[in-house]
Amino acid sequence: MAHLLLIDDDPVLIPEQVRQAFPTPRYRVEVAGTGAEGFERVRAGPPDVILLDLRLPDQSGLEVYQQIRKFDARIPVIFVTLAKTADTAIEAMKQGAYDYLFKPLDLHQLRKVVGEALEVARRMREPAVLVETAPDPDVDGAIVGSCPRSEEHTSEL
């Protein structure tokens, strides 16, 4: 089950749209109405993806974002904003936000962006596997080249 956290002070419309786009039981959508409440929920149990409003009643979304990044920089954060605050959304992208969406939300775009972010979150939590390749015994110490001079030299041997 994918865990989404929406940090937005809109008590009805945005949470309803997110729940409609990501229904239970496949998704768990939590909603926090303030930055402080949202950050506490992140600390209590980090979600897979965060949807974060840039304008919150207690602090800016950028401040909350910076707290989240310090806590766990692997959580993809998607900003949700009104078109008139696009400059702030661009600033968030410069600071490493995953993406941003404009209100009112387009459900198709919301599903697409969150789906991609969930895949990124899944990959970031997988342990990295390094495969060590054994050296090729035929190449050990060999010099490989194809310039005309080296080809002349090898044909003389």
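Above this note sits the structure.
Residues numbered from 1 in each chain as written. Predicted model: local features only at pLDDT ≥ 70, side-chain atom pairs only at ≥ 80, totals over all residues. Heavy atoms only, no water.

Peer 1: How should the pattern of salt bridges be read in this particular structure?
Peer 2: Here the idea is simple: oppositely charged side chains can pair when their charged atoms come close. On inspection of all chains with the given rule, the structure shows ten salt bridges. Close ionic contact of Lys 103 with Asp 8 constitutes a salt bridge, the shortest N to O distance being 3.1 Å. Of this pair, Lys 103 sits in strand S5 (residues 99–103) while Asp 8 sits in the loop between strand S1 (2–7) and helix H1 (13–21); the two residues are 95 residues apart in sequence, bridging distant segments of the chain. The pair Lys 103 / Asp 8 is uniform in exposure class, with both members buried. With a shortest N-O distance of 2.9 Å, Arg 41 and Glu 37 are connected by a salt bridge. Taken together, the residues Arg 41 and Glu 37, both in helix H2 (residues 35–44) and four residues apart, mark about one turn of the helix. The exposure class assigned to Arg 41 is partly exposed, which follows from its relative accessible area of 26%. Overall, Glu 37 belongs to the partly exposed group, its relative accessible area being 30%. (Salt bridge = Lys/Arg side-chain N within 4 Å of Asp/Glu carboxyl O. Helix = DSSP H or I, 4+ residues; strand = E, 2+ residues; numbered from the N terminus. Buried < 20%, exposed > 50% of the residue type's maximum accessible area, 1.4 Å probe, protein only.)

Peer 1: Please explain the nonpolar core as it appears in this structure.
Peer 2: In summary, soluble globular proteins display a tendency toward joint burial of nonpolar side chains. In this structure, Val 18, Phe 22, Leu 51, Ile 78, Leu 110 and Val 114 are the most contacted members of the largest nonpolar core, which totals 21 residues. If you list the elements that add at least two residues to this core, you get S1, H1, strand S2 (27–32), strand S3 (49–53), strand S4 (77–82) and helix H5 (107–125). Top contributing element to this core by residue count: H5, with six residues. In contact with Val 114, other than residues within four places in its own chain, are Leu 4, Phe 22, Val 49, Leu 51 and Ile 78. (Core = buried A, V, L, I, M, F, W, Y, C linked by side-chain atoms within 4.5 Å. Contact = heavy atoms within 4.5 Å.)

Peer 1: Is there a simple way to think about the sheet that holds S5 in this case?
Peer 2: Sheet strands pair via backbone hydrogen bonds, and the direction of the pair is either parallel or antiparallel. Across the sheet, which stays open at both edges, the five strands sit in the order S2-S1-S3-S4-S5 with parallel pairing between neighbours. A strand with exactly one partner marks an edge of an open sheet, and here the two such strands are S2 and S5. The sheet shows a mean angle of 20° between the axes of neighbouring strands, direction not considered. As paired strands, S1 and S3 are joined by four bridges and run parallel to one another. Bridged to Leu 6 within S3 is Leu 51. Packing of H2 onto the sheet brings it into contact with S1, S2 and S3, and relative to S2 it is tilted by some 140°. (Pairing = 2+ DSSP bridges. Axes fitted to C-alpha atoms, helices over the stretch in contact; angles between N-to-C directions.)

Peer 1: Whenever I open this one, H5 confuses me. Can you help?
Peer 2: Given a rise of 1.5 Å per residue, 19 residues ought to cover 27 Å, and the 27 Å separating the end C-alpha atoms of H5 matches this to within 8%. Restricting attention to buried positions, one finds in H5 the residues Leu 107, Leu 110, Val 113, Val 114, Ala 117, Leu 118 and Ala 121. End-on view of H5: buried residues confined to an arc of 145°, all on one side of the axis. Turned more than 90 degrees away from the buried face of H5 sit His 108 and Arg 123, all of them exposed. (Expected span 1.5 Å × (residues − 1). Arc of directions from axis to C-beta.)

Peer 1: Where do I start with the side chain of Gln 59 in this structure?
Peer 2: With respect to the secondary-structure elements, Gln 59 resides in the loop between S3 and helix H3 (61–71). Engagement of the side chain of Gln 59 in a polar contact is seen with the side chain of Asp 58, the distance being 3.5 Å. Side chain to side chain, Gln 59 and Gln 67 meet in a polar contact 3.2 Å long. With residues near it in sequence (within four places) discarded, Gln 59 still touches Gly 35, Ala 36, Val 64 and Gln 67. (Polar contact = N/O pair within 3.5 Å; in protein donor to acceptor, adjacent residues only side chain to side chain.)

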